[in-house]
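Topology and contacts: notes
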Amino acid sequence: MRTELVSEPGDPTRPNEDFASVGLPASGRGGALVVLDGVTPPQGPTGCLHSVPWFVSRLGGALTELTVSLPDVPLSEALSLAVARTADSHAHTCDLSHPRTPQATVVLARWSERALEYLVLSDSVLLVEAPDGAVTALADDRLALLPRESLTTDAHIDAHLRNKEGGFFTAAADPSVAGRAVTGVVPRTEVRALAALTDGATRWVEKFREGDWTDLFSFVRKEGGRALVARVRELEAADGEREFLGRSKRHDDASVVFAEL
């Protein structure tokens, strides 16, 4: 099995708010990957004493442990347990009911000799390559489908869309959000390789239109995740007029985990 993990901050002077890991059980059979994209809050209170990197490191660490150590527990239950564990670690100091309490998007994948299980919550992406080279993007598209005019102010998003019915969901402090994730199982014989990416890396497709998901997967397989991130940085720097980026931040944290099974 071949794996590659790349995670780079958008701004080298600021902490990376992504988290990425690959876990391999002691048996040597199967494995799991975790990719989180911490949500950068706007200026103002969040109700929490802790930073987004603090949150994603604890949530990601819990998920890495649980997905490997509890192979028979569904990924949605593992996410619920990890969110609850992380919330318990700071509930006594922080207001976890605040809409901007630290939170993250989630991609989980776990493979065995029989199957690939997956979970996606919010706008990170899992790509699955079949033995014939066909690539399927597994995504939670609720945020992408919202009307752009509904996302114009942080106050409206927090009051009506963030972790609300009819809006979109992220992993924050409520374990029940695990039931909102996109989940599924694919027979192991239908999977040759995986790539999990945060939206700082998927800009290659979604913002800059360098190719489709199959093209992106081929790029990562041939050139590697670090080359993908480097190309995204070049495209960001060249978009001086913000023709492609629009109101998005100039550079975003970018993570890529590739696993050839």
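Remember, predicted model here, so these are calculated numbers, not experimental data.

To continue, consider the pattern of salt bridges. Counted by the stated rule, this structure contains 16 salt bridges. Note that Arg 203 is salt-bridged to Glu 236, the shortest N-O span being 2.7 Å. In this pair, Arg 203 sits in helix α5 (residues 199-206) while Glu 236 sits in helix α7 (residues 225-238), placing the two residues 33 residues apart along the sequence. In this structure Glu 236 comes out as buried when scored by relative accessible area, which is 0%. Residue Glu 210 pairs with Arg 231 through a salt bridge whose shortest N-O separation is 3.2 Å. Of this pair, Glu 210 sits in the loop between α5 and α6 (213-223) while Arg 231 sits in helix α7, placing them 21 residues apart in sequence.

Turning to its location among the elements, Thr 202 is positioned in helix α5. The exposure class assigned to Thr 202 is buried, which follows from its relative accessible area of 0%. Those residues in contact with Thr 202 that lie beyond four places of it in its chain are Val 125, Leu 197, Lys 207 and Trp 213.

Judged by pairing direction, the sheet is antiparallel, and its five strands sit side by side in the order β2-β3-β4-β5-β8 without closing on themselves. One side of each edge strand has no neighbouring strand; the edge strands of this open sheet are β2 (18-23) and β8 (182-187). Ignoring which end each strand starts from, the neighbouring axes of this sheet average 5° apart. Of the strands in this sheet, β2, β3 (31-38) and β4 (104-111) touch helix α1 (residues 52-69), which is tilted by about 165° from β3. Relative to the sheet, helix α2 (residues 75-88) contacts β4 and β5 (115-121), its axis offset from that of β5 by approximately 45°.

It is worth spelling out the layout of surface pockets at this point. As a volume, the largest pocket reaches approximately 1400 Å³. Grouping the constituent residues of the lining of the largest pocket by class yields eleven nonpolar, nine polar and 18 charged. Lining the second largest pocket are 17 residues, and of these Arg 29, Pro 71, Trp 111, Ser 112 and Arg 114 sit closest to its centre. Within the residue set of the lining of the second largest pocket, elements represented by two or more residues are β3, α1, β4 and β5. Partitioning the lining of the second largest pocket into residue classes produces six nonpolar, five polar and six charged.

What counts and what doesn't
Residue indices follow the written sequence of each chain, beginning from 1 at its first position. Per-residue local features of the predicted model are confined to residues with pLDDT of at least 70, and side-chain atom pairs are confined, for both listing and counting, to 80 or more; whole-chain, interface and lining totals are unaffected and use all residues. Water and hydrogen atoms play no part in the side-chain values, which are based on all heavy atoms of the structure. Counted as salt bridges are all cases of a side-chain nitrogen of Lys or Arg within 4 Å of a carboxyl oxygen of Asp or Glu. Secondary structure elements are defined from DSSP: runs of H or I of at least 4 residues count as helices, runs of E of at least 2 residues count as strands, and each element is numbered from the N terminus. The buried label applies to any residue whose accessible area, calculated with a 1.4 Å probe on protein chains only, is under 20% of its type's maximum; exposed applies above 50%, and partly exposed to all values in between. Two residues qualify as a contact provided that any one of their heavy atoms is within 4.5 Å of a heavy atom in the partner residue. Between any two strands, at least two bridges found by DSSP are needed for them to pair. Every axis corresponds to a line fitted to the C-alpha atoms, with the helix fit spanning only the stretch in contact, and the corresponding angles, defined between N-to-C directions, vary from 0 to 180 degrees. In this analysis a 1.4 Å probe is tested at points of a 1 Å grid over the protein atoms alone, and where it fits but cannot get out there is a cavity; an open set with protein on both sides within 12 Å along at least five of seven lines is a pocket; lining residues have an atom within 4 Å of a point. Grid points are joined across faces, edges and corners, and a volume is the space filled by probe spheres set on the points. All amino acids are sorted into three groups, where Ala, Val, Leu, Ile, Met, Phe, Trp, Tyr, Cys and Pro are nonpolar, Asp, Glu, Lys and Arg are charged, and the leftover types, Gly among them, are polar.

On their own, these measurements won't tell you what the molecule is for.
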